[in-house]
Amino acid sequence: MRTDTPTEPDVLVIGSGAGGLAAALFCARSGLSVQVIEKDRAIGGTTAISGGMVWIPDNPLMARHGRPDTPAAAARYLAHLGVPDTPQLQAVLAAGPEAIAALEAGGLVRFRPVLTYPDYYPDLPGATLGGRVLEPLPFDGAALGPWFARLKPPLPAFTLLGGMMVDRADIPHFRRAGRSLPAFLRVARLTLRHARQRLAHPRGTSLVLGNALVARLLAAVLAAGGRVETGVSARALVQADGRVRGVVLEDGRTLRARRAVVLATGGFPHDPARMDLLPPAARGRSAADPGAGGDGLRLGEAAGARVRAGPHGNAFWVPVSLPDGAGAGRPHPHTVTDRGKPGVIAVDRHGRRFANEARSYHQFVEDMLAAEAAGPTLPCHLVCDAHFLWTYGLGTIKPFALSTRAERRTGYLKRGATLAALAAAIGVDPAALQRTVADFNAAAASGADPAFGRGGDAYQRAMGDAAVTPNPCVAPILRPPFYAVALHPGTLGTAAGLAVDPAARVLDAAGRPIPGLYAAGNDAASVMGGRYPGPGITLGPALAFAFLAARAIAAEGPPG
């Protein structure tokens, strides 16, 4: 689908996630003509199904909300975490605040700071307890007109009532709706609004999270005169006179670009040919968009680029469950909705706990992989009771689910009237599971977790339930029946990528820029080097590199 008849643009962007759309927007606002091509029929890539959070230290919204930050504090935090101090990292830290200011200046792309979302290692020097992470303001998808139908929908597990997205701030009201009149009235208003929207649209148009970010960026690109074409796959880059001049498409067409091509196809989480970059236990399972199959990396390598691995790992980890019970469907990411809540534990195949379940999703998978390396322990299982399942949900099962028959029929959810019965259902020793739960419950009754210190830092407590005291992350597992869901190591995205310089120019094997070729998002090697310091550390650098690329393209001027 095109916005108009294509002509040769100044800049051709491959990919329509946050990195690609932001690069197109920044270029368009610099006076350059832009075309975005996306191989999927839907726009948004992994960004559209993500939480949409953006990690930008010292962003301009922090000071406005009384949370000032400094680049030095961010650099100190990253250094203590082991993130390599590179020119690319310094460029991203400097450009991030500029990128946010430039996006907001246009009006259509707006953010708010999440003041209660700490960095993932909040006790390290330079960490903050909130504000570095931004989230997009809600957006009415109806404002996109016919383009709303082209917007990739969020994961079904993250919606209610057939496509209603729920703002993070509204989740507690849904939990309290049965015992609080104000909460009930708020939920009723949201439900009625959704019902009205469904009269004219196949899903709710009140967008939040990554769906709102993509919608806002798309609206801004279209308003700035950018062209967007979907269902178009790039086969090769066109090179002439020592520079990249465009792309050859799978349908045989050639699209040329007067100044530059920007690669932003989402990295390689679904590329079987690059699974050797990941640990064996974590291969083949990704919560990223299925279209992220390494296209940008292959295009870059064929043009002389090199892929740079991270010193601390090549992926951003998340534990995943397999909703169909066999692994053929899209894995479900267990980010923040269940593991940190009070009343659930993770046990290995021996029925023993092995980690602090409330740590960040990236850290938790690191613990899974370390346990597996010491001896076969996977898959592990999240184990909870009936009260937990009703209150918080588990994996794809939403809170207040009236029936779990479908999930039990596929084998996704296991149930046992007793812990021994549940142990038999998940294939672990009944005595071991009973002993593990008894040991956990003995301390959990007073809000303690002496084995792993769950709830021991500000991040973990923020992921718990503030209504549970004294520890929002800890409660006993008591009320039958008992339930379990199997977890496997998976990826949210990939960290290895094309080597780029501080201007987002793709580098060749000798470390020289390839004229006319840029990369943003997960197609560019992560500046974090495989570390995961906070929510949004893929989208934050994606916006920064998009800003840097547009600035460099505009400054370079027309090629000879």
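Note that the coordinates shown come from a computational prediction; the quantities given were computed from them, not determined experimentally.

Basis of the calculations
Residues numbered from 1 in each chain as written. Predicted model: local features only at pLDDT ≥ 70, side-chain atom pairs only at ≥ 80, totals over all residues. Heavy atoms only, no water. Pairing = 2+ DSSP bridges. Helix = DSSP H or I, 4+ residues; strand = E, 2+ residues; numbered from the N terminus. Axes fitted to C-alpha atoms, helices over the stretch in contact; angles between N-to-C directions. Patch = residues over 30% accessible without salt bridge, like charges linked within 9 Å, V, L, I, M, F, W, Y side chains within 5 Å. Areas by Shrake-Rupley, 256 points an atom, 1.4 Å probe, with all protein chains shown as cover. Salt bridge = Lys/Arg side-chain N within 4 Å of Asp/Glu carboxyl O. Core = buried A, V, L, I, M, F, W, Y, C linked by side-chain atoms within 4.5 Å. Buried < 20%, exposed > 50% of the residue type's maximum accessible area, 1.4 Å probe, protein only. Contact = heavy atoms within 4.5 Å. Parallel < 35°, antiparallel > 145°, perpendicular 65-115°, else oblique. Left-handed = near helix turned anticlockwise from the far one by under 90°. Nonpolar A, V, L, I, M, F, W, Y, C, P; charged D, E, K, R; others polar. Polar contact = N/O pair within 3.5 Å; in protein donor to acceptor, adjacent residues only side chain to side chain. pLDDT = per-residue confidence, 0-100. Expected span 1.5 Å × (residues − 1). Phe/Tyr/Trp six-rings, centres within 6.5 Å; stacked < 30°, edge-to-face > 60°.

> Give a detailed account of the sheet that holds strand 1 (residues 11-14), specifying residues and quantitative values.
Taken in spatial order, the six strands make up an open sheet running 10-2-1-14-24-23, and their pairing is mixed. On the outer flanks of this sheet lie strand 10 (227-230) and strand 23 (505-507), each paired with one strand and no other. Along the sheet, successive strands turn relative to each other by an average axial angle of 30 degrees, direction set aside. Of the strand pairs in this sheet, strand 14 (residues 260-263) and strand 24 (residues 513-519) are connected by three bridges, and their pairing is parallel. Bridging from a neighbouring strand, Val261 pairs with Leu517 of strand 24.

> Quick rundown of the sheet that holds strand 11 (residues 234-240)? Include the residues and the values.
Pairing within the open sheet is antiparallel, and its three strands lie in the order 11-12-13. Only two strands of the sheet have a single neighbouring strand rather than two, namely strand 11 and strand 13 (254-256). Neighbour-to-neighbour, the strand axes of the sheet open up by a mean angle of 30 degrees, direction not taken into account. Summarising the sheet, strand 11 and strand 12 (residues 243-249) pair through six bridges and their orientation is antiparallel. By the bridge assignment for strand 12, Val238 is matched with Gly246.

> Describe a nonpolar patch on the surface, and please don't skip the residues or the numbers.
A cluster of nonpolar side chains, Leu181, Phe184 and Leu185, forms an exposed patch at the surface whose accessible area comes to about 300 Å². Among the secondary structure elements, Leu181 is positioned in helix 7 (residues 181-198).

> Before we move on, can you summarise the nonpolar core with the specific residues and values?
Side chains that are nonpolar tend, in soluble globular proteins, to be buried together. Phe111, Val247 and Val261 are the most contacted members of the largest nonpolar core, which totals 143 residues. Once residues lying within four places of it in the same chain are set aside, the contact partners of Val247 are Leu12, Ile14, Ile37, Ala234, Ala236, Leu237, Val238, Arg253, Thr254, Leu255 and Val261. Judged by nonpolar contacts, the second largest core, of 18 residues, contains Ile345, Leu422, Ala423 and Val474.

> Could you give me a rundown of the packing of helix 1 (residues 18-29) against helix 8 (residues 209-223), with the residues and numbers involved?
Helix packing geometry: the angle between the two helix axes and the distance between the axes. Where helix 1 meets helix 8, the axes come as close as 9 Å, and the angle between the chain directions of the two elements is 25 degrees. Judged by the angle between their axes, helix 1 and helix 8 are roughly parallel. In this structure, helix 1 crosses over helix 8, and the sense of that crossing is left-handed. Taking contact as the criterion, the partners of Ala18, Leu21, Ala22, Ala24, Leu25 and Arg29 in helix 1 are, on helix 8, Leu213, Val214, Leu217, Leu218, Ala220 and Val221. Classifying every residue of the contact of helix 1 with helix 8 by side-chain character gives 11 nonpolar, no polar and one charged.

> Can you tell me about the side chain of Thr265, naming the residues and giving the values?
Here Thr265 lies in the loop between strand 14 and helix 9 (295-302). Of the residues examined, Thr265 reaches a relative accessible area of 17% and is grouped as buried. Discounting residues that sit within four places of it in the chain, Thr265 has contacts with Ile14, Ala292, Asp295, Gly296 and Asp523.

> Quick rundown of the pattern of salt bridges? Include the residues and the values.
By the definition in use, this model includes 25 salt bridges. One salt bridge in this structure joins Arg112 and Asp167, with 2.9 Å as the shortest N-O distance. Within this pair, whereas Arg112 is found in strand 4 (residues 111-113), its partner Asp167 is found in the loop between strand 8 (164-165) and helix 6 (171-176), the two being separated by 55 residues in sequence. With a relative accessible area of 24%, Arg112 lands in the partly exposed category. Arg353 serves as the salt-bridge partner of Asp449, at 2.8 Å between the closest nitrogen and oxygen. Taken together, the residues span a long stretch of sequence, with Asp449 in the loop between helix 14 (430-444) and helix 15 (458-463) and Arg353 in the loop between strand 18 (344-347) and helix 10 (361-374) at a distance of 96 residues.

> Could you give an account of the pairing of strand 12, naming the residues involved and the relevant values?
For strand 12, a buried count of seven out of seven residues is recorded, marking the element as mostly surrounded by other parts of the structure. Linkage of strand 11 to strand 12, two consecutive antiparallel strands, is achieved through a turn of two residues, within which Asp241 is found at a positive phi near 55 degrees. Of the strand pairs in this sheet, strand 12 and strand 13 are connected by three bridges, and their pairing is antiparallel. Its bridge partner lying in strand 13, Gly246 is registered against Arg256. What sits between the antiparallel neighbours strand 12 and strand 13 is a turn of four residues, in which Gly252 has the positive phi angle 95 degrees.

> So what's going on with the side chain of Asn314? Which residues, and what values?
On the secondary structure map, Asn314 appears in the loop between strand 15 (307-308) and strand 16 (315-321). Within the structure, the side chain of Asn314 is placed 2.9 Å from the backbone nitrogen of Gly310, a separation counted as a polar contact. Discounting chain neighbours no more than four positions away, the residues touching Asn314 are Phe268, Leu277, Leu278, Ala309, Thr494, Ala495 and Ala496.

> How would you summarise the confidence of the model for the protein chain if you had to cite specific residues and measurements?
Put simply, the protein chain has an average pLDDT of 94, and 98% of its residues get 70 or more. Low pLDDT (under 50) marks residues 1-6, which in the prediction has 17 contacts with non-local residues, meaning those over four places away or in another chain.

> Report on helix 1, specifying residues and quantitative values.
Its 12 residues place the ends of helix 1 16 Å apart at the C-alpha level, agreeing with the 16 Å of an ideal helix rising 1.5 Å per residue. For helix 1, the tally of buried residues reaches 11 of 12 residues, placing the bulk of the element in the interior. Buried within helix 1 we find Ala18, Gly19, Gly20, Leu21, Ala22, Ala23, Ala24, Leu25, Phe26, Cys27 and Ala28.

> Pulling in residues and values, what's your account of the packing of aromatic side chains?
On inspection of all chains with the given rule, the structure shows 12 aromatic pairs. When the ring of Trp390 is compared with that of Phe400, the centres are 5.4 Å apart and the planes differ by 70 degrees; the resulting orientation is edge-to-face. Of this pair, Trp390 sits in helix 11 (residues 386-392) while Phe400 is found in the loop between helix 11 and helix 12 (405-410), placing the two residues 10 residues apart along the sequence. One aromatic cluster is present, built from ring pairs that chain together Tyr117, Tyr120, Phe316, Tyr361, Tyr459 and Tyr532.

> Could you give me a rundown of helix 9, with the residues and numbers involved?
Among the residues making up helix 9, those that are buried are Asp295, Gly296, Leu297, Leu299 and Gly300. In this fold, the buried residues of helix 9 make contact with strand 1, strand 11, strand 14, strand 15, strand 22 (497-498) and strand 24. Just past helix 9, the residue Gly304 takes up positive phi, approximately 105 degrees.

> Tell me about the pairing of strand 16, residues and numbers included.
Consecutive residues of a regular strand have side chains that alternate between opposite faces of the sheet. Counting buried positions along strand 16 gives seven out of seven residues, so the element sits mostly inside the fold. Here strand 16 shows two buried faces, one formed by Ala315, Trp317, Pro319 and Ser321 and the other by Phe316, Val318 and Val320. Alignment of strand 16 against strand 21 (residues 482-494), held across six bridges, turns out to be antiparallel. Within the sheet, the bridge partner assigned to Val318 lies in strand 21 and is Gly490. In terms of strand pairing, strand 16 meets strand 17 (residues 332-333) through two bridges, oriented antiparallel. From the neighbouring strand, Val320 faces strand 17, where its bridge partner is Pro333.

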